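Coordinates in review
The chain contents come next:
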Amino acid sequence: MSVKLREYQEEDVQRLMTRSAMGVFNEPRTGKTPTSIVSMQRKDVQRLLVVCPASIVYKWKEEYKLWVNKEAYVINSATKFNKKDTLIPDTSCVIINYENLRDTVKYKGAWEKILKKYKPDGIIVDEAHRCKDRKSANFRAIKKFNKVEARLYLTGTPAPNKPWDVWALLHFICPSVFTSYWNFVHEYFEEETLWVGGQAINQPARFKAGREQLLQNNLNCISVMRKRKDVMPWLPKEETPTVIKLPCTPSQLRYIRELEETFETEHVNTQSVLEQLVRIRQICAHPKILNLRGSSPKIDWLKQYLSDYPEKSIIVFSNSKKFIDLVCNEVRCVYITGETNARMRQTFINSFQKGEHKVIVIQTQAGKEGLTLDKADATIFLDTYPPAADYMQAKDRMVPTVPENVKPQEIIHLMMKDTYDEHLYKLVKQGISDTEVINDYIKYIKERRIPNG
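The following refers to the structure shown. (Residues numbered from 1 in each chain as written. Predicted model: local features only at pLDDT ≥ 70, side-chain atom pairs only at ≥ 80, totals over all residues. Heavy atoms only, no water.)

**Quick notes on a nonpolar patch on the surface**
Together, L194, V196 and I201 line one region of the surface with nonpolar side chains, adding up to about 230 Å² of accessible area. Counting through the fold element by element, L194 comes out in strand β7 (residues 189-196). Overall, the relative accessible area of 35% leaves L194 in the partly exposed class. (Patch = residues over 30% accessible without salt bridge, like charges linked within 9 Å, V, L, I, M, F, W, Y side chains within 5 Å. Areas by Shrake-Rupley, 256 points an atom, 1.4 Å probe, with all protein chains shown as cover. Salt bridge = Lys/Arg side-chain N within 4 Å of Asp/Glu carboxyl O. Helix = DSSP H or I, 4+ residues; strand = E, 2+ residues; numbered from the N terminus. Buried < 20%, exposed > 50% of the residue type's maximum accessible area, 1.4 Å probe, protein only.)

Here it is, written out as structure tokens:
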């Protein structure tokens, strides 16, 4: 395997090998995913189940391929399902999102039953804090896999809101010790009584004397925790972007292959290589831009991401006005394009900065200058296109202008796997200009042909 764990990740793996169930509570971007995958591999797990938010199932698939050199089977909303004959193929890893695992309406819990027949001997639960509510469907779904031999629970925030939120993770890791939520509360916290509708309701209020340290000690025994400042002294001011490569739909693959081979597909005819590449880029965004049939995996992913992280303030960039129109038809947002007048533009900026709107969609050319959007938690590029200077200016929109606005921020690049879309991202990374995109087209044609499957 050409990839190698960092020294502290290797130390974490050694720790994770000491117990059948552990928490991985490292801060984001410290590499929880490789640590957990390698740990499961060294434990000789033969059938691994990964549960994660729907927006990152393909990221997990890529990481599994990178570290284990095997293909994982993804179950998402597009997976064909037949109650009578749906079976999981012979694979060493299955990845499923929370929604499918917990579903009791559309599939009536069938995926859970199918996964039980798969008999996983290892499970990784990513963003495990999503199960903090013991009455939630997420908690109930994950609890049903508490007898799986090897279990890892990943989150950078084991207690998202209150310290007692951590009980769910403690229960998953040590179900025989942390058996009851209220026993846990009684042991560690003082309680207060609230009167709601004439009824007395007890709830935890604060740690009992000395119990804070005891809980910390217990957590230290059953989890690993790393902070960026401790393990990444070399970390640059700007962190490495997250790259999400989505598989094309069958219709996208057909349109692109026909354009590459014959310069036309259905009613779309191209007269030059440049026009051909432009049309391929539009199909990668959404076939509807060219009045072709089919859906947009990018919009589907974006909608799922916004659903997964409703608390985040997010900037979304695209070069295409037509694509932005399609995005805004399906996403609740404000938007800025080259046609937006100055007054409305500033109104949208102010509403985003005040938190009145959580999502702002911007045409890259219109948003590369004169915007301050430092309240953003994440910037998502639906497409990345030279010149590199435009992209550099656009991503700087969320750089804080005052110290008090400094906070963790993420940059995400979305692209269609094994297409011109991916090639353009590489060109931008290299700082290649617009003219070189044309001059370099032959490299794409030779190196990245669209797969036939």
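**Notes on the sheet that holds strand β2 (residues 48-52)**
Here seven strands make up an open sheet; going across it, the order is β3-β4-β2-β5-β6-β1-β9 and the pairing parallel. Two strands in the sheet have a free side with no partner beyond their single neighbour: β3 (73-75) and β9 (223-224). Inspection of the sheet shows strand β5 (residues 122-125) paired to strand β6 (residues 150-154) by four bridges, in the parallel sense. From the neighbouring strand, I124 faces β6, where its bridge partner is L152. (Pairing = 2+ DSSP bridges.)

**A word on the nonpolar core**
Judged by nonpolar contacts, the single largest core of 43 residues is most densely connected at W301, L302, Y305, V327, V361, I380 and L382. Excluding anything up to four places from it in sequence, I380 contacts W301, L302, Y305, I314, I315, V316, F317 and I412. Within the second largest apolar cluster, 41 residues are counted, among which are A21, L115, V148 and F172. (Core = buried A, V, L, I, M, F, W, Y, C linked by side-chain atoms within 4.5 Å. Contact = heavy atoms within 4.5 Å.)

**Here we look at the packing of helix α11 (residues 250-262) against helix α12 (residues 273-285)**
Remark: α11 packs on α12, axes separated minimally by 10 Å, with the N-to-C direction vectors making an angle of 180°. By the criterion of interaxial angle, the relationship of α11 to α12 is roughly antiparallel. Contact residues: α11 offers Q252, Y255, I256, L259 and E260, while α12 offers Q276, R279, I280, I283 and C284. Across the contact of α11 with α12, the residue classes tally to six nonpolar, two polar and two charged. (Axes fitted to C-alpha atoms, helices over the stretch in contact; angles between N-to-C directions. Parallel < 35°, antiparallel > 145°, perpendicular 65-115°, else oblique. Nonpolar A, V, L, I, M, F, W, Y, C, P; charged D, E, K, R; others polar.)

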